[in-house]
Structure formats: structure tokens, C-alpha cells
Amino acid sequence: MTLEIAIFLSMNGKAQEAIQFYKQHLHAECLFLVTYEDMAKRDASIILTEQNKNFISHSVLQIGKTKLMIAEETMTPNEHYQIGNHMSLCIQSADLAEIESFYRNVTSDKNTTIITPLAENTFSKAYGIVQDPFGVHIQLMYDPRLK
């Protein structure tokens, strides 16, 4: 099975500090890190400033057998950051059909809100965000590297 669920934390401009904290205190290993400046090279819609160019667009840390993803923003970009909306589950699989099936299943519930429809983007053939009936944001992502 290639399925994996990781914790995703939004850090409101403090992702670099959080990554250093987890590396120092929890012996986290940084597996992947992309800044806004890196993303702007792939996506022309990203607006770079001196203040945000070194912000973290996405990172993956390994702590023991658990992956922790850290970025700057919440899953709903226009949403004001507050404790409680800064965490989501990220369900990933190297099986595209599995991710599409999870998306269909979760969005079949009338109380699920689609935040970002499942679609191809600059980093995945299939990525989407939903909010479940309990307010938990769930990211669904196809990632062939998990094989």
C-alpha cells in the first residue's frame, strides 16, 4: 500500500522558525523544502516581495516514522490565521485512482465543503482540499514518489 497520512501545519510566517525548532528539539530531518521564490519559478501567479520570498511554500520533515508538513499559509488563502485553522490532514498516495476514489467518497457527503477541487497543478497530477463536516481540512494528493 502506498497510502500515507501526514500532519500539515500552517505557521503564519514562522515556518522557518518551526522547522528549526523541530530539527533541534525533535531531531527532525528535512526531506523537502520549497520557498515562495522557488515556487514563483514554476507558477507565475505567485507575487514575490522582499518580505515573503524566503517564506516556506511547502516542507516535509521526518520525525521518527511520522511526516510533518509545514508551510506559511492556511488551506484557505483568504482565511485569517487563527489557532485551530492552522492544521490539516494530508492524505497522499502513489495510486492516482485511490486519491480520486477518496475525493469522490468524501465529497459525496453533503456536509463536506470543497475548498480546492481535485485537479492537476504545478506539483501534482491530482491535488485538492476539502473541509469535512467537523471542520477538519483534508488535503488529497497524488504523489508517485511514495512507491
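Residues numbered from 1 in each chain as written. Predicted model: local features only at pLDDT ≥ 70, side-chain atom pairs only at ≥ 80, totals over all residues. Heavy atoms only, no water.

A tally of helices and strands in the protein chain yields 3 helices and 8 strands. Mapped in sequence order, the helices and strands of the protein chain form the string β-α-β-α-β-β-β-α-β-β-β. Here the C-alpha radius of gyration of the protein chain, 15 Å, is about what a compact globule of 147 residues would show, namely 15 Å. For the protein chain, the C-alpha atoms occupy an extent of roughly 40 × 35 × 30 Å along the three principal directions. The buried share of the protein chain, reckoned over its 147 residues, is 39%. Considering only intrachain contacts with a sequence separation of at least 6, the fraction spanning at least 24 residues in the protein chain is 57%. Side-chain charges of the protein chain comprise 12 positive and 17 negative groups, with the mean position of each set lying 4 Å from the other. (Helix = DSSP H or I, 4+ residues; strand = E, 2+ residues; numbered from the N terminus. Rg over C-alpha atoms; globule rule 2.2 N^0.38 Å. Buried < 20%, exposed > 50% of the residue type's maximum accessible area, 1.4 Å probe, protein only. Contact = heavy atoms within 4.5 Å. Lys, Arg positive; Asp, Glu negative; His and termini not counted. Charge placed at Lys NZ, Arg CZ, Asp CG, Glu CD.)

Turning our eyes to something else, we now look at the sheet that holds strand β3 (residues 56-63). Reading across from one edge, β2-β3-β4-β1-β5-β8-β7-β6 is the order of the 8 strands in this open sheet, with mixed pairing throughout. Across the chains shown, the open sheet's two edge strands, defined by having one partner strand only, are β2 (29-35) and β6 (113-119). Within this sheet the neighbouring strands show an average axis-to-axis angle of 20°, counted without direction. When strand β5 (residues 87-93) meets strand β8 (residues 137-142), the two strands line up parallel, connected through 6 bridges. (Pairing = 2+ DSSP bridges. Axes fitted to C-alpha atoms, helices over the stretch in contact; angles between N-to-C directions.)

Once that is clear, we can look at the environment of Thr 35. Along the chain, the position of Thr 35 falls in strand β2. With 18 residues separating them along the chain, Thr 35 and Lys 53 place their C-alpha atoms 6.8 Å apart.

Right, let's get into the packing of aromatic side chains. Scanning all chains against the criterion turns up 3 aromatic pairs. When the ring of Tyr 36 is compared with that of Phe 55, the centres are 5.9 Å apart and the planes differ by 85°; the resulting orientation is edge-to-face. With Tyr 36 in helix α2 (residues 36-40) and Phe 55 in the loop between α2 and β3, the pair connects residues that are 19 residues apart, well separated along the chain. For Tyr 36, a relative accessible area of 11% corresponds to the buried category. On the basis of relative accessible area, Phe 55 is assigned to the partly exposed category, the value being 29%. Between Phe 123 and Tyr 127 the ring centres are 5.0 Å apart and the planes differ by 65°, which places this aromatic pair in the edge-to-face class. For Tyr 127, a relative accessible area of 11% gives the class buried. A cation over an aromatic ring shows up here: Arg 145 above the ring of Phe 32, its NZ or CZ 5.4 Å from the ring centre. (Phe/Tyr/Trp six-rings, centres within 6.5 Å; stacked < 30°, edge-to-face > 60°. Lys NZ or Arg CZ within 6 Å of the ring centre and 35° of its normal.)

On to unusual backbone geometry. Not every positive phi belongs to a glycine, and Asn 12 is a case in point at roughly 55°. Residue classification places Asn 12 among the partly exposed positions, given a relative accessible area of 46%.

Between the first and last C-alpha of helix α1 (residues 15-26) there are 15 Å, a value that for 12 residues agrees with the 16 Å anticipated at 1.5 Å per step. Along α1, the residues that are buried comprise Ala 15, Ala 18, Ile 19 and Tyr 22. In an axial view of α1, the angular spread of the buried residues amounts to 100°, which keeps them on one side of the axis. Opposite the buried face of α1, by more than 90 degrees, sit the exposed residues Glu 17 and Gln 24. Considering only its buried residues, α1 is in contact with β1 (4-10), β2, β3 and β4 (66-71). Positive phi shows up at His 27, right after α1, with a value of about 55°. (Expected span 1.5 Å × (residues − 1). Arc of directions from axis to C-beta.)

Looking now at the pattern of salt bridges. Overall, the coordinates contain 3 salt bridges when judged by the stated rule. One salt bridge in this structure joins Asp 143 and Arg 145, with 2.9 Å as the shortest N-O distance. (Salt bridge = Lys/Arg side-chain N within 4 Å of Asp/Glu carboxyl O.)

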